[in-house]
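Listed here are the chains, written in short residue letters.
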Amino acid sequence: MTATPGLSTFRTATPDLLRSVFRRHAAGVAVITARGDGPVGFTATSLTSVSAEPPMISFGIGTGASSWPAVARAEHIGVHVLGEHQEELAATFARSGADRFAPPTRWYDGPEGVPVLDGVLAWMVCRVVARVPAGDHRLVLAEAVVGDPAGAGRPLLYHEGRFNALRD
């Protein structure tokens, strides 16, 4: 560690440092879905709006994730913005080995055969346009095809390693 006048003590970048810094960053919670041999999905806090013209988003996924093989082959994916009432749904899709689409998860086959979750704040089906290598992850870029922003409620957030709600 090195101290510099005017700066707090700092550390050389490591995976642990990156995780520690991003625990301090509040992020919206989304579930990404795709169709493989069956429906697959995972909780993501890396969802980003990339472009308005064309309407494009991005998210990161680890190449060791159970959903990666389906996402690696999918032409279309679903993006679901979760509400603060969906903490358990977020936890289910984050849990390794869980049957994520079993009850009580409510979903249906949406446009392009993409699994669409019921009761979310907003959702889109997007066409995958690129999968960019980024360390042990892939950055997926996808163009929105169709969606619905009309769900009721407030967004679910992730901060300091747990799910949270907005405070006024």
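Just so it is clear, the model here is predicted, and its values are computed rather than measured. (Residues numbered from 1 in each chain as written. Predicted model: local features only at pLDDT ≥ 70, side-chain atom pairs only at ≥ 80, totals over all residues. Heavy atoms only, no water.)

Caption draft 1: Here's a closer look at the sheet that holds strand E12 (residues 162-165). The strand order E1-E11-E12 describes an open sheet built from three strands, whose pairing is antiparallel. Strands at the two margins of the open sheet, each flanked by one partner only, are strand E1 (27-28) and E12. By the bridge criterion, four bridges tie strand E11 (residues 156-159) to E12 in an arrangement that is antiparallel. Pairing of leucine 157 across the sheet is with asparagine 164, part of E12. (Pairing = 2+ DSSP bridges. Helix = DSSP H or I, 4+ residues; strand = E, 2+ residues; numbered from the N terminus.)

Caption draft 2: The pairing of strand E9 (residues 122-134), seen in detail. Here strand E6 (residues 76-81) pairs with E9 via six bridges, running antiparallel. Bridge pairing in E9 places isoleucine 77 opposite cysteine 126. Note: E9 against strand E10 (residues 137-148), 11 bridges, orientation antiparallel. Bridge pairing in E10 places tryptophan 123 opposite aspartate 148. In textbook terms, the turn of a hairpin is the stretch between consecutive antiparallel strands, and for E9 and E10 this stretch comprises two residues, one of which, glycine 135, has a positive phi near 65°.

Caption draft 3: Molecular detail of the environment of serine 49. Looking at the element boundaries, serine 49 is found in strand E4 (residues 48-51). For serine 49, a relative accessible area of 65% puts it in the exposed group. Taking the C-alpha atoms as reference points, serine 49 and alanine 142, 93 residues apart in sequence, are found 10.0 Å from one another. (Buried < 20%, exposed > 50% of the residue type's maximum accessible area, 1.4 Å probe, protein only.)

Caption draft 4: Region of interest: the pattern of salt bridges. Scanning the entire structure with this criterion turns up five salt bridges. Note that arginine 106 and aspartate 118 form a salt bridge whose closest N and O atoms lie 3.3 Å from each other. One end of the pair, arginine 106, is in the loop between helix H3 (87-94) and strand E7 (107-109); the other, aspartate 118, is in the loop between strand E8 (115-117) and E9, and 12 residues separate them in sequence. Taking relative accessible area as the criterion, arginine 106 reaches 51% and is therefore assigned exposed. Judged by its relative accessible area of 37%, aspartate 118 falls in the partly exposed class. Across the salt bridge formed by arginine 127 and glutamate 143, the nearest N and O atoms sit 2.9 Å from each other. In this pair, arginine 127 is assigned in strand E9 and glutamate 143 in strand E10, connecting sequence segments 16 residues apart. Given the relative accessible area of 36%, arginine 127 is considered partly exposed. (Salt bridge = Lys/Arg side-chain N within 4 Å of Asp/Glu carboxyl O.)

Caption draft 5: Geometry of the packing of aromatic side chains. Counting across every chain of the model gives four aromatic pairs. Centre to centre, the rings of phenylalanine 93 and phenylalanine 101 are 5.2 Å apart; their planes meet at 90°, and the pair counts as edge-to-face. Per residue, the accessibility class of phenylalanine 93 equals that of phenylalanine 101, and both read buried. With a centroid separation of 5.2 Å and 75° between ring planes, the pair formed by phenylalanine 101 and tryptophan 107 is classed as edge-to-face. With relative accessibility at 29%, the residue tryptophan 107 sits in the partly exposed group. Taken together, the ring pairs connect Phe93, Phe101 and Trp107 into an aromatic cluster. (Phe/Tyr/Trp six-rings, centres within 6.5 Å; stacked < 30°, edge-to-face > 60°.)

Caption draft 6: How the structure looks around the environment of proline 39. Mapping proline 39 onto the fold places it in strand E3 (residues 39-44). Residue proline 39 is classed as partly exposed on the basis of its relative accessible area of 27%. As for proline 39 and tryptophan 107, which are separated by 68 residues in sequence, their C-alpha atoms are 9.9 Å apart. Look past the residues within four positions of proline 39 in its chain and what remains in contact with it is Ala34, Phe101, Trp107 and Pro115. (Contact = heavy atoms within 4.5 Å.)

Caption draft 7: Quick look at a nonpolar patch on the surface. Where nonpolar side chains cluster on the molecular surface, the patch consists of Leu18, Val21 and Phe22 and spans about 310 Å² of accessible area. The topology assignment puts leucine 18 in helix H1 (residues 15-23). (Patch = residues over 30% accessible without salt bridge, like charges linked within 9 Å, V, L, I, M, F, W, Y side chains within 5 Å. Areas by Shrake-Rupley, 256 points an atom, 1.4 Å probe, with all protein chains shown as cover.)

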